[in-house]
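What follows is the residue order along each chain.
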Amino acid sequence: MVVDVGAGMTNARRGVAILGSTGSIGTTALRVLDRQRDHFRVAALTAFNNAALLGEQVAKFQPSFVGIVQNGAEPHDAWNVGTACLVEAASRDDVDIVLNAIVGSAGLDATLAALAAGKRVALANKETLVMAGELVTAACVAGGGEIVPVDSEHSAILQCIAGRRGVDVRRVIITASGGPFRDWTSDQLAAATLDDALRHPTWRMGRKITVDSATLANKALEVIEAHFLFGLPYDRIEVVVHPQSVVHSFVEFVDGSVLAQLGVPSMELPVLYALTHPDRISDTGVPHFDPVALSPLTFEPVRADQFSAFSLGIAAGRKGGAAPTIFNAANEAVVALFLDARIRFGDIGGAIGGALDALGDLPGDSRENILAADAAARRFVQERFAC
Ligand code: NDP
Ligand code: MG
């Protein structure tokens, strides 16, 4: 199990690096941190290329380190430019917590560097754990760091099991909104457009995870994420569709008792909890919970036969080796094509399945092998599916 008891809240303000500060999670985190200046200071911010928003954030929060992966037209002399800025931000002495809110496998080196430096990684970037779960968990143990999930479902599981022994857990049940296509027929799904896929019913998120939610690839990523975070075998991780996104997950204990964590669909609380775990601090911005207003709460089985990306991802997780890496990389590559309107929604599952059939037996036992498998899956998707 990667997550363990945290250091506890101290009087010293803890330094937070936000990697991907201009994204959906990054901006949510800055909203939360703005209300918590007594407990935290923003030590480092990084973005990919949104220099305008990053500049506004820098002016407001005055971090000691600013990084941008691709500098745009407007040069900022004091900023660190290039991919190395992510690892630099994640390893700084004035950083205690690294919130990794980068999208995709680009976040891997920063996660590894933060863990090697003994930091807490507040992990939104689930792709890191899926593509290289064994590598990341080993880095966590070797470096003395810790991973605390930001994903709402995993935050819920952590909050339910916090302080209890892992052996007491019989199974976890991860909830899924079902996405915009929850009740669509297979004919409707085949004709689904990008606009349809980007219309998520309960969450406002970045474009890649929004498409992952429409294909249910996101839920497969989350099952693999839970496997590595909590050290649970796959037959003790289940998924149930819960369209209201109020119950964020369940944990069933060996005596049959079931705990759940509930809240309105907002990422502010999971982000805050990843910073304060195992402690809690008051945050007046977290929306008030009103069970009557939020009712009824309903649950349905996952239609795995209609959402092949979901079944393929779970099978890849169970298979192990480089299969989760292939699943993640093929999914990233094919979603990028879909977001560029170069393939249809109905092609996504086939592309992931093709990559897993061709490359799923590759080894995943070293960083080199993982990076090679990741690259091979992207090449496979490009060569066969990019028109
Ligand atoms: P966004 O697309 O909104 O934001 C991504 C951020 O990462 C931006 O700051 C972007 O910079 C930066 N970025 C993008 N590509 C790179 C790269 N190659 N190298 C460095 N930085 C990069 O994504 P989200 O905030 O929605 O998601 C971030 C992560 O959190 C994902 O892994 C997602 O699965 C996970 N997550 C998100 C949730 C949500 O509610 N949004 C919920 C649970 C998990 P720029 O703006 O300059 O392009
Ligand atoms: Mg989630």
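In this text the structure is predicted, and so the values were computed from the model without any measurement. (Residues numbered from 1 in each chain as written. Chains lettered and ligands numbered in written order. Predicted model: local features only at pLDDT ≥ 70, side-chain atom pairs only at ≥ 80, totals over all residues. Heavy atoms only, no water.)

Draft legend 1. Fine view of the overall build of the chain. Broken down by element type, the chain carries 17 helices and 11 strands. A compact globule built from 387 residues should have a C-alpha radius of gyration of about 21 Å, and the chain, at 20 Å, falls within 12% of that. Structurally, the chain occupies a C-alpha span of about 55 × 50 × 40 Å along its principal axes. For the chain, buried positions account for 55% of its 387 residues. For the chain, the accessible surface area stands at approximately 15,800 Å², while carbon and sulfur atoms represent 53% of it. Computed over 32 positive and 43 negative side-chain charges, the separation of the two mean positions in the chain equals 2 Å. (Helix = DSSP H or I, 4+ residues; strand = E, 2+ residues; numbered from the N terminus. Rg over C-alpha atoms; globule rule 2.2 N^0.38 Å. Buried < 20%, exposed > 50% of the residue type's maximum accessible area, 1.4 Å probe, protein only. Areas by Shrake-Rupley, 256 points an atom, 1.4 Å probe, with all protein chains shown as cover. Lys, Arg positive; Asp, Glu negative; His and termini not counted. Charge placed at Lys NZ, Arg CZ, Asp CG, Glu CD.)

Draft legend 2. Inspection of the environment of Pro243 at higher detail. Following the sequence through the fold, Pro243 ends up in the loop between strand 9 (237-241) and strand 10 (247-253). Note on Pro243: relative accessible area 15%, which makes it buried. For Pro243 and Thr175, which are 68 residues apart along the polypeptide, the C-alpha to C-alpha distance reads 8.8 Å. Setting aside residues up to four positions removed in sequence, Pro243 forms contacts with Ala176, Ser177, Arg182, Thr202, Thr298 and Glu300. (Contact = heavy atoms within 4.5 Å.)

Draft legend 3. How the structure looks around the coordination of the magnesium ion (ligand 2). Distances from the magnesium ion (ligand 2) to its protein donors, Asp151 (OD), Glu153 (OE) and Glu222 (OE), fall at 2.1 to 2.3 Å. On the primary sequence, the residues serving as donors to the magnesium ion (ligand 2) are separated as D-x1-E-x68-E. The pair Asp151 / Glu153 is uniform in exposure class, with both members buried. (Donors = N, O, S within 2.8 Å, 3.2 Å for Na, K, Ca; no water.)

Draft legend 4. Examining the nonpolar core more closely. If you look at the biggest cluster of nonpolar residues, it comprises 124 residues, and the most contacted ones within it are Val150, Phe327 and Phe345. No other element matches helix 15 (residues 323-339), which puts 11 residues into this core. For Phe327, the residues in contact, after removing those within four places along its chain, are Ala217, Ala220, Leu221, Ile224, Ala309, Leu312, Gly313, Ala316, Ile352 and Leu356. (Core = buried A, V, L, I, M, F, W, Y, C linked by side-chain atoms within 4.5 Å.)

Draft legend 5. Geometry of helix 16 (residues 348-359). Between its first and last C-alpha, helix 16 extends 17 Å over 12 residues, near the 16 Å set by a 1.5 Å rise per residue. Counting buried positions along helix 16 gives nine out of 12 residues, so the element sits mostly inside the fold. The set of residues buried in helix 16 consists of Ile348, Gly349, Ala351, Ile352, Gly353, Gly354, Ala355, Leu356 and Leu359. (Expected span 1.5 Å × (residues − 1).)

Draft legend 6. Quick peek at the site of ligand 1. Among the 25 residues in the neighbourhood of ligand 1, the closest are listed as Thr22, Asn49, Asn50, Glu127 and Gly206. In this structure, Gly23 approaches ligand 1 through a main-chain N or O atom, which is 3.1 Å from an oxygen atom. Asn50 places a main-chain nitrogen or oxygen 2.8 Å from an oxygen atom of ligand 1. Coverage of ligand 1 by the protein chains reaches 86% of its 890 Å² of free accessible surface. Breaking the shell around ligand 1 down by element, the ones donating at least two residues are helix 1 (24-34) and helix 5 (126-131). (Near = heavy atom within 4 Å. Polar contact = N/O pair within 3.5 Å; in protein donor to acceptor, adjacent residues only side chain to side chain.)

Draft legend 7. Region of the structure containing the sheet that holds strand 4 (residues 80-81). Taking strand neighbours across the sheet as the criterion, the seven strands line up as 4-3-2-1-5-6-7 in an open arrangement whose pairing is parallel. With partners counted over all chains shown, the strands left at the sheet margins are strand 4 and strand 7 (146-149), one partner each. Pairing between strand 3 (residues 65-68) and strand 4: two bridges, direction parallel. In the sheet register, Ile68 faces strand 4, and the bridge partner there is Val81. The strands touched by helix 2 (residues 51-61) are strand 2 (40-47) and strand 3; relative to strand 2, the strand with the most contacts, the crossing angle is about 165°. Docked against the sheet, helix 4 (residues 108-116) engages strand 1 (14-19), strand 5 (97-100), strand 6 (120-123) and strand 7, running at close to 150° with respect to strand 6. (Pairing = 2+ DSSP bridges. Axes fitted to C-alpha atoms, helices over the stretch in contact; angles between N-to-C directions.)

Draft legend 8. The layout of surface pockets, seen in detail. The space that makes up the second largest pocket amounts to roughly 200 Å³. Together, 13 residues line the second largest pocket, and Gln306, Ser308, Phe345, Gly346 and Gly349 are the ones closest to its centre. For the lining of the second largest pocket, the secondary-structure elements that each account for two or more residues are helix 8 (186-190), helix 14 (308-319) and helix 16. (1 Å grid on protein atoms, 1.4 Å probe; cavity = no way out; pocket = protein on both sides within 12 Å on 5 of 7 lines; lining within 4 Å. Points joined across faces, edges and corners; volume = space filled by probe spheres on them.)

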